[in-house]
Amino acid sequence: MSYPEVLGELGSRALMLGNVAVARACLEHGVGFASGYPGTPSSEVIEALAYAASRLGYPYVEWSVNEKVAFEAAYGSAMAGVPSIVTMKHVGLNVASDPLFSSAYTGVEASFLIVSADDPGMWSSQNEQDNRWYGVHAYIPVFEPAGAQEARESTLEALKFSENMKHPVILRSTTRVSHTRAPVTLGALARPRLSGVFTKDVSRWNIVPMHARKLKEELLSRWERMEEMLSENPINTVEGPEDSKILVVGVGLGYRYARESLFKLKALNSVRLLKIVTSIPPPRKLLLRESEGRSAIVVVEEGDPVFETLLKSILYEEDVRVKVYGKASRHLKKSGELKADAVTKALASILGLNYSPETPINPPITPPPRPPVLCPGCPYRSVFYALRRAVKMSKMEAIYSGDIGCYSLGLNPPFNVQDTLIEMGGGIGLANGLAHVVKDKVIVATIGDSTFFHAGLPEIVNSIYNGAPMIVLVLDNGTTAMTGHQPHPGSGRDALGREARKLVIEDVVKGLGVSRVSVANSFNAREVEAKIREAIRDVVYEGETHVVVARGACILDAVRRASSLKVKRPIYIVDSDKCRACGICYKAFNCPAIMPGEDGRVSINASLCVGCGVCEQVCPFNAIRVLEPGDPEWGRILGMEL
Amino acid sequence: MRGSLNIIVGGVGGQGILSLARVLGEAAVLDGLEALVAETHGLSQRGGSVIVHVRIGENIEAPLIPMGEADIMISMEAMETLRNIGYMRRKGVIVSDTLIIPPSIPGVKPLKLEDIVEAVKSAGLEAHFLSASEEAKKLGDSRVANIILLGYAYRVSHIKDFISPRSLMKSVETLPGRDLNLKALTLYATLD
Ligand SMILES: Cc1ncc(C[n+]2csc(CCOP(=O)(O)OP(=O)(O)O)c2C)c(N)n1
Ligand code: SF4
């Protein structure tokens, strides 16, 4: 990916994603170390920093193996006095939560910013947890930008605050901040501090109970100091008449929705509007000052009613009686993301104003749903096809313990090979329990290659150690495809696109103590099927875990690689007199590039077909054949040998 | 031009919808306007429905366009045009490809183009259907369909009251395949 805007000129106004604005601010502050693990909607922060680093030569940027490692790496660097950031999606912070809590106890020696991108509405996530609770829980301040321009400013302010207080700070973004482009006015780039000094201090860096008790007291007094300082931080602003009976509090992006709604209701000049960026700890003094004389306060925030709850407790503590509206009062929904019309409606009803939203056009016919699908030529299609066949041929029934990645799409018909999807690594994890208690079915855990390195290793070790026999099907496509093709330890590339040490999955697995390991080419359906059948025998008859590594390039990568190396891909066609309309290729194999005609006989859509050639293998009547052969290198690209 | 413009850009993941939307946003910034381009990333880019909210002009704060408040829709697939029609104002303008991409679910039948056109027109909207992907192939690369639609939309909608031809061209110039994209733009927006 290319992010030239992150290096835009001082003073220029550039359209950029909120995430890129965060990256820009890091470069303006002089961040020297950045780590992260991919996850929508957070990934572009590291990508943009890597883009900058490959041109400037700094800062140090890495995709780490998982969020815990990424967190610890940046934490370590900040201990040694190098301004550092770590980025992840909201659920990533669960993985990193252990060191998160400790970081508040020890503090750091330079800026340490934790960028957490939450996903209200669950556009690409399994839950919509609000990570501001982590700030409350772990005593870590939270800054919430309201858009891309504010993402730059809040990042700069948060980095500065962290540096001054020697304490970690969370920058909480949400999908619509991270993934909305808006014009951002750029400041000057700074030369970062790249090397640090670790000053030994056992009483600080070694949090055994004896030290931790003392550090906890220090943390509590630091927290009070931080609350005091954030209370007067000018990044939180107010507008509108001072004597308004009503105060609207817009937190982060909530401010934008509140402001637009007030404008629409022609109430912008009659209502006091408070914009909150530093939501945790809430700016107590500012809130008390602004609550004075009001009859009602409305809180608009993205996610759970976190700020609303904390505001109420402050008001209660200070004996201020004022009605607070928001999510607890059910004027706004606790689920899903904020929507402009819902906010306008809520404000209108609280303010007693008229608002009649547009009635949307309702078409007389509805198009069929269009869920995402595996790309034409995706290596997983043939693997799933082979997996189904192998289980059927073995006359077995299987539980498919699935995981998160593009391969999650195998949950849909015709494959139905993802019976569970819980969290990253959950596939083998659940199988560790299922294998002990469900005896009449074979347990097949699938896991992607990036997920394997992220969370799979301890789970495989557990299966061997505790004797939970299962098939582990590792889907090695060389990349973290779902989140936008970031590299991982098996890719042979680093975050900057340079060559890196490549860890070979079957070697790693053998090193973990697995004795039954096989490798198959994903684009060779027969080979995959044979390996899986062997694995089923190992599990069923010998009670042994068997790991099958199915290797085949993500087709998007393969096509890009073929065009950059000028490798010709083959062209396939259907001999319609041989086609007997059995439908295997488009029903069971389900290739989107194969289209059935009125009589059920098929043709290949040339603009969708990429030339993976698997349909030729699955057609029982040899009706699909090569029209123009490709270069021999194409096969090596698919097999990830080139 | 005072005021603001809400534009829905829709289609199927992988069609070049994000580039189209970004070009619009960047052109607006070149003209000194405010702009918001709310993108869809993640899983839906694998052949699912994709929708981008583009807002330009004054008093735009929130990234998402409320239902019933889009002035313009630029759509790269006809079924998606119908799917997103709830966003349109009654006086809105639609520019849509006639292309139909069947969803890849076994046994699901796509709608027919005539039925879609009929449904859109029965809502009283000004709708322009053109076979942009076919035209793009004739120009030499099916990937310029997005810029053909953009050019056409520029010609028939209020976009031209907000964005100057110069900025639009400058913004299109940043795309890979610059010459063909510029050609598509000038041809369909009838710029010179
Ligand atoms: C804790 C956590 N971190 C990150 C993510 C985002 N995410 C979803 S799937 C995935 C990895 C996908 O890579 P891989 O396992 O290689 O499968 P592929 O997409 O290539 O099929 C990531 C990073 C997540 N869901 N949870
Ligand atoms: S992006 Fe790659 S891994 Fe994901 S569905 Fe497409 S081909 Fe498969």
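Residues numbered from 1 in each chain as written. Chains lettered and ligands numbered in written order. Predicted model: local features only at pLDDT ≥ 70, side-chain atom pairs only at ≥ 80, totals over all residues. Heavy atoms only, no water.

Engineer: Even after reading the chapter, I still don't get the overall build of chain A, so can you show me in this structure?
Structural biologist: Along chain A, the regular secondary structure elements total 23 helices and 23 strands. A compact globule built from 642 residues would reach a C-alpha radius of gyration of about 26 Å, and chain A, at 27 Å, matches this within 12%. Referenced to the eigenvectors of the C-alpha coordinate spread, the extents of chain A come out at roughly 80 × 70 × 55 Å. In chain A, which comprises 642 residues, the share counted as buried stands at 60%. A fraction of 78% describes how many contacts in chain A between residues 6 or more apart in sequence connect residues 24 or more apart. (Helix = DSSP H or I, 4+ residues; strand = E, 2+ residues; numbered from the N terminus. Rg over C-alpha atoms; globule rule 2.2 N^0.38 Å. Buried < 20%, exposed > 50% of the residue type's maximum accessible area, 1.4 Å probe, protein only. Contact = heavy atoms within 4.5 Å.)

Engineer: Quick question: what am I supposed to make of the site of ligand 1 here?
Structural biologist: Residue and element names in this part refer to chain A. Neighbouring ligand 1 are 26 residues; Glu67, Tyr380, Asp449, Thr451 and Met482 lie closest to it. Within the side chain of Glu67, a nitrogen or oxygen atom sits 2.5 Å from a nitrogen atom of ligand 1. A distance of 2.6 Å separates an oxygen atom of ligand 1 from a polar side-chain atom of Tyr380. Elements supplying a minimum of two residues to the shell around ligand 1: helix H4 (92-95) and helix H17 (449-465). A per-element tally of the shell around ligand 1 places H17 first, with four residues. Summarising the domain contributions, the shell around ligand 1 has at least three residues from each of domain 1 (4-231) and domain 3 (379-552). (Near = heavy atom within 4 Å. Polar contact = N/O pair within 3.5 Å; in protein donor to acceptor, adjacent residues only side chain to side chain. Domains from an automatic or database assignment.)

Engineer: I keep staring at the domain arrangement of chain A and nothing clicks. Help me out?
Structural biologist: Where interface size is given, it is often the accessible area lost as the parts come together that is meant. Residues and elements named next belong to chain A. Splitting chain A by domain gives domain 1 (4-231), domain 2 (237-351), domain 3 (379-552) and domain 4 (569-630). Here the C-alpha centre of domain 2 lies 27 Å away from the C-alpha centre of domain 1. Domain 1 puts 27 residues into the contact, and the matching count from domain 2 is 28 residues. Summed over the three residues of domain 1 that lose the most area to domain 2, namely Arg132, Glu144 and Ser231, the buried surface amounts to 24% of that side. Linking domain 1 to domain 2 there are six salt bridges. (Buried area = accessible area lost by both parts, 1.4 Å probe. Salt bridge = Lys/Arg side-chain N within 4 Å of Asp/Glu carboxyl O.)

Engineer: Please clarify how the packing of aromatic side chains should be interpreted in this entry.
Structural biologist: Ring pairs (aromatic) are described by centroid distance and by the angle formed between their planes. Residues and elements named next belong to chain A. Under the counting rule described, the total for this entry stands at 13 aromatic pairs over all chains. Taking the centre distance of 6.2 Å and the plane angle of 45 degrees together, the rings of Phe143 and Phe161 count as tilted. Here Phe143, found in strand E6 (residues 142-143), pairs with Phe161, found in helix H7 (residues 148-165); they are 18 residues apart in sequence, far enough to count as distant. Take Phe143 and Phe161: they sit in the same class, and that class is buried. Through a chain of ring-to-ring contacts, three or more aromatic side chains come together here, namely Tyr380, Phe384, Tyr407 and Phe415. Here Lys323 stacks its cationic end above the ring of Tyr325, 5.6 Å away from the centre of that ring. (Phe/Tyr/Trp six-rings, centres within 6.5 Å; stacked < 30°, edge-to-face > 60°. Lys NZ or Arg CZ within 6 Å of the ring centre and 35° of its normal.)

Engineer: Hey, could you run me through the pairing of strand E3 (residues 49-57) of chain B in this one?
Structural biologist: For a regular strand, side chains alternate in direction, first toward one face of the sheet and then toward the other. Residue and element names in this part refer to chain B. Among the nine residues of E3, eight are classified as buried, and the element is accordingly described as predominantly covered. The pairing of strand E1 (residues 4-12) with E3 spans nine bridges and is classified as antiparallel. Each bridged residue has a counterpart across the sheet, and for Gly11 the counterpart in E3 is Val50. Where strand E2 (residues 34-38) and E3 come together, five bridges link them in antiparallel fashion. Pairing of Ala35 across the sheet is with Ile56, part of E3. (Pairing = 2+ DSSP bridges.)

Engineer: Is there a simple way to explain H7(A) in this structure?
Structural biologist: Since the α-helix packs 3.6 residues into each turn, any two residues three or four apart lie on the same face. All names here are of chain A. In this model, H7 (18 residues) spans 25 Å end to end at C-alpha, consistent with the 26 Å of a helix rising 1.5 Å per residue. Buried residues dominate H7, accounting for 13 of its 18 residues. Directly beyond the C-terminal end of H7, a positive phi value near 50 degrees is found at Lys166. (Expected span 1.5 Å × (residues − 1).)

Engineer: Help me understand the interface of chain A and chain B, please; the structure alone is not making it clear to me.
Structural biologist: Contact with chain A, which involves 52 residues of that partner, is made by 58 residues of chain B. For the pair chain A and chain B, the two sides together bury roughly 4,800 Å², of which 61% comes from carbon and sulfur. Taken as a group, Arg181(A), Ile361(A) and Arg370(A) account for 18% of the area that chain A buries against chain B, more than any other trio of residues on that side. Between the two partners, chain A and chain B, sit eight salt bridges. Only strand E1 (13-17), strand E8 (180-185), helix H11 (253-264) and helix H14 (340-351) of chain A provide two or more residues apiece to the side of chain A that touches chain B. Among the elements that make up the side of chain A that touches chain B, the one with the highest residue count is H11(A) (seven residues). The class makeup of the residues in the side of chain A that touches chain B is 31 nonpolar, eight polar and 13 charged. (Nonpolar A, V, L, I, M, F, W, Y, C, P; charged D, E, K, R; others polar.)

Engineer: Explain the sheet that holds strand E14 (residues 323-325) of chain A to me, please; I cannot follow it from the model alone.
Structural biologist: Note on sheets: strands pair through backbone hydrogen bonds, and any given pair is parallel or antiparallel. All names here are of chain A. Overall, mixed pairing links the five strands, which are arranged E9-E11-E10-E13-E14 in an open sheet. Two strands lie at the open edges of the sheet, namely strand E9 (237-239) and E14, each paired on one side alone. Sheet twist, expressed as the mean angle between neighbouring strand axes with direction ignored, is 20 degrees. As paired strands, strand E13 (residues 296-300) and E14 are joined by three bridges and run parallel to one another. Bridge pairing in E14 links Ile297 to Val324. (Axes fitted to C-alpha atoms, helices over the stretch in contact; angles between N-to-C directions.)

Engineer: What should I look at first to understand the site of ligand 2 in this one?
Structural biologist: Close to ligand 2 lie Leu374(A), Cys375(A), Cys378(A), Tyr380(A), Cys406(A), Asn477(A), Ala481(A), His485(A), Cys554(A), Ile555(A), Leu556(A) and Arg46(B). Proximal residues around ligand 2 fall on chains A and B, making this an inter-chain site. Grouping the constituent residues of the shell around ligand 2 by class yields nine nonpolar, two polar and one charged.

Engineer: It is not clear to me how the layout of surface pockets should be interpreted in this structure. Could you clarify?
Structural biologist: Over the atoms, a rolled probe matching the size of one water molecule traces out where space is still vacant. Computed from the structure, the second largest pocket encloses a volume of approximately 640 Å³. Taken together, 31 residues form the lining of the second largest pocket, with Trp123(A), Arg176(A), Thr40(B), Ile51(B) and Tyr87(B) sitting closest to its centre. If you tally residues by element for the lining of the second largest pocket, the top one is E3(B), at four residues. In terms of residue class, the lining of the second largest pocket is made up of 12 nonpolar, 11 polar and eight charged. (1 Å grid on protein atoms, 1.4 Å probe; cavity = no way out; pocket = protein on both sides within 12 Å on 5 of 7 lines; lining within 4 Å. Points joined across faces, edges and corners; volume = space filled by probe spheres on them.)

Engineer: Is there a simple way to think about the environment of Phe621(A) in this case?
Structural biologist: Residues and elements named next belong to chain A. Its location among the elements puts Phe621 in the loop between helix H22 (614-618) and strand E23 (624-628). Accessibility expressed as a relative area gives 28% for Phe621, which makes it partly exposed. Setting aside its immediate chain neighbours within four residues, Phe621 contacts Lys578, Arg580 and Cys582.

Engineer: Sorry if this is basic, but what is going on with the side chain of Lys327(A) here?
Structural biologist: Residue and element names in this part refer to chain A. With respect to the helices, strands and loops of the structure, Lys327 is situated in the loop between E14 and H14. For Lys327, which is buried and forms no salt bridge, the nearest opposite charge comes from Glu302, at a distance of 5.5 Å. There is a polar contact of 2.6 Å between the side chain of Lys327 and the backbone oxygen of Gly303. Excluding residues within four positions of it along the chain, Lys327 makes contact with Glu301, Glu302, Gly303, Asp304, Pro305, Glu308, Leu332, Lys333, Lys334 and Leu338. (Lys, Arg positive; Asp, Glu negative; His and termini not counted.)

Engineer: What's the story with the nonpolar core in this structure? I'm lost.
Structural biologist: Across soluble globular proteins, nonpolar side chains have a tendency to be buried as a group. Core analysis: the largest hydrophobic core is formed by 85 residues, its most contacted members being Phe452(A), Ile555(A) and Ile594(A). When residues of this core are assigned to their parent elements, the largest contribution, eight residues, is made by helix H15 (residues 379-393) of chain A. (Core = buried A, V, L, I, M, F, W, Y, C linked by side-chain atoms within 4.5 Å.)

Engineer: Explain the sheet that holds E1(A) to me, please; I cannot follow it from the model alone.
Structural biologist: With mixed pairing, eight strands are arranged side by side in an open sheet as E1(A)-E8(A)-E2(B)-E3(B)-E1(B)-E4(B)-E5(B)-E6(B). In this open sheet, the two strands that pair with only one neighbour each are E1 of chain A together with strand E6 (126-130) of chain B. Adjacent strand axes in the sheet meet at a mean angle of 20 degrees when their direction is disregarded. The pairing of E8(A) with E2(B) spans two bridges and is classified as antiparallel. The residue of E2(B) that forms the bridge with Thr180(A) is Ala38(B). Against the sheet, H7(A) touches E1 and E8 of chain A, its axis set at about 60 degrees to E8(A).

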